[in-house]
Amino acid sequence: MGDIAPEDVRVRFPPSPTGNLHVGNVRSALFNYAFARHYGGTLVLRIEDTDLARSTQESYDNVIDSLNWLGITWDEGPDIGGPYAPYRQSERTEIYRDVIEKLVASGAAYPCYCTREELEEREKLRGGDTIGYDGHCRDLSADQVAAYEAEGRTHVLRMRMPEGEIAFDDLVRGHVVFDTRNVPDYAIVRSNGEPLYTLVNPVDDALMRITHVLRGEDLLSSTPRQIVLYRALAEIGVGSGITPRFGHLPIVMGEGNKRLSKRDKGSGLEEYRERGFLPEGLMNYLALLGWSISDDRDVFSMTEMAEAFDIRRVNANAARFDHKKCEAINAAHIRLLSAEDLATQITPFLQAAQYVATPVTADEQRLLVGAAPLIQERLTSLSEAVDKLAFLFTPDQELEIEAGAALKAEEGQVLRASRDALAEIDWDHAAIEATLRGALVDGMGLKPRKAFGPVRTAVTGSKVSPPLFESMELLGRASCLVRIDRALATIPRG
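Residues numbered from 1 in each chain as written. Predicted model: local features only at pLDDT ≥ 70, side-chain atom pairs only at ≥ 80, totals over all residues. Heavy atoms only, no water.

Caption draft 1: The arrangement of the side chain of Asn32 in detail. Looking at the element boundaries, Asn32 is found in helix α1 (residues 23-38). Under the relative-accessibility criterion, Asn32 is labelled buried at 1%. Among the polar contacts made by the side chain of Asn32, one reaches the main-chain carbonyl oxygen of Leu214 at a distance of 2.9 Å. Those residues in contact with Asn32, other than ones at most four positions away along the chain, are Val11, Arg12, Leu43 and Leu214. (Helix = DSSP H or I, 4+ residues; strand = E, 2+ residues; numbered from the N terminus. Buried < 20%, exposed > 50% of the residue type's maximum accessible area, 1.4 Å probe, protein only. Polar contact = N/O pair within 3.5 Å; in protein donor to acceptor, adjacent residues only side chain to side chain. Contact = heavy atoms within 4.5 Å.)

Rendered as structure tokens:
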């Protein structure tokens, strides 16, 4: 294991149920999953729902469903329990209240009675010489506290930051040092008594024996505050007394050299599910945002990632989200599917578009399995199968030729020759191709594009389709002849 992991690795993924998962969150979940599985450790799913105003059951259900779809499994969590339950912060109120009392009693935390207006006024007077809170209530006398209480003032609780430097070895970024002059005393409890994220997150890490915290670079600046709190918790006997090792993952950049935000196209997980990305393809691409399995290999499974994963090989530089590369990786995973698996994967999209029944009929299943290999190399997402295969599941009398694909008068002769040649042959793609080549290329002296183009348009309604002869075999002789006849009826005889 080297020197970065103890015998019992414990990491956590702590989503907030306040909306759909963002690909940045998913990338963090993936790296924690791979780290835990690499070391045979434990992945804890902890729901950070202290923001009761924004947390919803719908969002919680979405988190669970999304992680299951992605294939990220956890070992402890709200749905399966574990030795450090409960795993929803909204159910841990009494735990936090006890810790708060101990922190105040030890002097590590103290009440701050400053109003927002007072804080802003003193900030103006300082003229920007110091950052954030100025420690005004750090050492109040009993008389001052009594006076504030008599005024009816409420207070927040703040952690007392030490003087000097706080240093730690980040598993991704190396040695990091913070001067605590730039890290002021910070609030851990609201004036209404509700604990803040700044308290509950480290408290839960300590109590759940978390050994490694792998999270986004945007949280790096909060690390010195959390280290101080871990130390304070150790002093009062809360948790294991061990401060987790940190690894801050590179920021994910979107368009225009800006951090990928929840509002950006392509940032929400639900978008990829709706488009028909395979979870294996999406996770593979997200793994490449800061890590690689080798210099000459981009396509791999989550199992292979877990076997090879080394947090020290994560690149600290910002990673750019490349939508084209994401699609290419997904396409590679689609090509790895068997025909039966691909048919199963595309079925819900064709059902949603009402091209096939729910459940599919035996004839529809035959067509799906037969058609899957014809489009497999052309798909970047599963939803694209709908447009590519619609002609197979459209009744012959309802097939329309696309705008811009209308047949010309001279193409009528090609279709009539095709119909005559196809009427009596054995019906398989090899015989279809040989017959049409003989009648149109050899018999009429046409180039293949001129010969087969009108036939393609007639039987599929489009100038572009899956391989023509295999598609005709799947459609069957009767449908192909009916479609050619209907196409002939739309053009004048040449």
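Anyway, onward from the coordinates.
Caption draft 2: Structural context of the environment of Cys137. The topology assignment puts Cys137 in the loop between α4 (116-126) and α5 (142-150). Since its relative accessible area comes to 2%, Cys137 is described here as buried. Sequence separation between Cys137 and Arg320 is 183 residues; the distance between their C-alpha atoms is 44 Å. Ignoring anything within four residues of it in the chain, the contact list for Cys137 reads Tyr110, Pro111, Cys112, Tyr113 and Cys114.

Caption draft 3: Representation of the pairing of strand β8 (residues 212-216) in the model. Of all five residues in β8, five are buried; the element is thus mostly enclosed. Of the crossover connections in this fold, the one passing from β8 over helix α7 (residues 223-235) to the parallel strand β9 (residues 245-249) is right-handed. (Right-handed = clockwise from strand over helix to strand, strands pointing away.)

Caption draft 4: Spotlight on the packing of aromatic side chains. If you walk through the whole model with that rule in mind, you get 12 aromatic pairs. Pairing Phe31 with Phe309 gives two aromatic rings, centres 5.5 Å apart and planes at 70°, and the pair type is edge-to-face. Of this pair, Phe31 sits in helix α1 while Phe309 sits in the loop between α10 (302-308) and β11 (319-320); the two residues are 278 residues apart in sequence, bridging distant segments of the chain. When its relative accessible area of 0% is taken as the criterion, Phe31 is described as buried. Taking relative accessible area as the criterion, Phe309 reaches 1% and is therefore assigned buried. Look at Trp291 and Phe309: their rings are 5.5 Å apart centre to centre, the planes differ by 50°, and that puts the pair in the tilted class. Residue Trp291 is found in the loop between α9 (279-287) and α10, and its partner Phe309 is found in the loop between α10 and β11; the two are separated by 18 residues along the sequence. (Phe/Tyr/Trp six-rings, centres within 6.5 Å; stacked < 30°, edge-to-face > 60°.)

Caption draft 5: Region of interest: the nonpolar core. If you look at the biggest cluster of nonpolar residues, it comprises 53 residues, and the most contacted ones within it are Ile311 and Phe321. At the level of secondary structure, the elements contributing two or more residues to this core comprise β1 (10-13), α1, β2 (42-45), α2 (57-70), α8 (269-275), α9, α10 and α11 (323-335). In terms of residues, this core owes the most to one element, α1, which gives nine residues. Dropping the residues within four chain positions of it, Phe321 is found in contact with Val23, Val252, Met253, Leu260, Gly266, Tyr272, Tyr285, Leu286, Leu289 and Cys326. Residues Leu278, Ile425, Ile432 and Leu488 belong to the second largest nonpolar core, which totals 50 residues. (Core = buried A, V, L, I, M, F, W, Y, C linked by side-chain atoms within 4.5 Å.)

Caption draft 6: Inspection of unusual backbone geometry at higher detail. With omega at 0°, the peptide bond leading from Ala85 into Pro86 counts as cis. Relative to the helices and strands, Pro86 resides in the loop between α2 and α3 (93-106). Here the bond from Thr358 into Pro359 is cis, since omega is -5°, no more than 30 degrees from zero. Structurally, the position occupied by Pro359 is in the loop between α12 (339-352) and α13 (362-375). The backbone of Arg209 sits at a positive phi, close to 60°, despite the residue not being glycine. Looking at where Arg209 falls in the secondary structure, it is placed in the loop between α6 (197-207) and β8. The class for Arg209 is partly exposed, based on a relative accessible area of 34%. Of note in this structure, Gln354 is not a glycine but carries a positive phi near 65°. Relative to the helices and strands, Gln354 is located in the loop between α12 and α13. Residue classification places Gln354 among the exposed positions, given a relative accessible area of 71%.

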